[in-house]
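Here is what each chain is made of, one letter per residue.
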Amino acid sequence: MSDDQNTPQMASPEVCTVCGVKIQKAIGRDVVIFATGAQSSRDVLYERVCRHVKDRPGCINKAV
Ligand SMILES: [Zn+2]
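Residues numbered from 1 in each chain as written. Predicted model: local features only at pLDDT ≥ 70, side-chain atom pairs only at ≥ 80, totals over all residues.

Novice: Where do I start with the sheet that holds strand β3 (residues 31-33) in this structure?
Specialist: Hydrogen bonds between backbone atoms are what pair the strands of a sheet, whose relative direction is either parallel or antiparallel. Overall, antiparallel pairing links the four strands, which are arranged β1-β2-β3-β4 in an open sheet. Every interior strand has two partners, whereas the edge strands, β1 (14-16) and β4 (39-41), have only one. Each strand axis lies, on average, 35 degrees off the axis of its neighbour in the sheet, ignoring direction. (Pairing = 2+ DSSP bridges. Helix = DSSP H or I, 4+ residues; strand = E, 2+ residues; numbered from the N terminus. Axes fitted to C-alpha atoms, helices over the stretch in contact; angles between N-to-C directions.)

Novice: Sorry, what's going on with the nonpolar core here?
Specialist: In this structure, Cys 19, Val 21, Val 32, Leu 45, Cys 50 and Cys 59 together form the largest nonpolar core, which totals six residues. Other than its neighbours up to four places away in sequence, Cys 50 contacts Cys 19, Leu 45, Cys 59 and Asn 61. (Core = buried A, V, L, I, M, F, W, Y, C linked by C-beta atoms within 7 Å. Buried ≥ 20, exposed ≤ 12 C-beta atoms within 10 Å, placed from the backbone. Contact = placed C-beta atoms within 7 Å.)

Novice: Help me out: how do you make sense of the environment of Lys 54 in this one?
Specialist: Mapping Lys 54 onto the fold places it in the segment after α1 (42-48). Along the sequence, Lys 54 and Val 18 sit 36 residues apart, while their C-alpha atoms lie 9.5 Å from each other.

This is a description of form; function is not addressed.
So, in structure tokens, the structure goes:
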């Protein structure tokens, strides 16, 4: 019996709680899903959102 809901699973999307977006890991390219439903790339996510919150802990999309 385990209530651990933070177990990493490769197939499930990560959620950036700071930016409010989902990152679906895919082979060769990760897909970012914005709250609006639009899909994009990690680079665009970083430019639009994550670089503005880089001083806050918890953002899962770091600069590469
Ligand atoms: Zn983020």
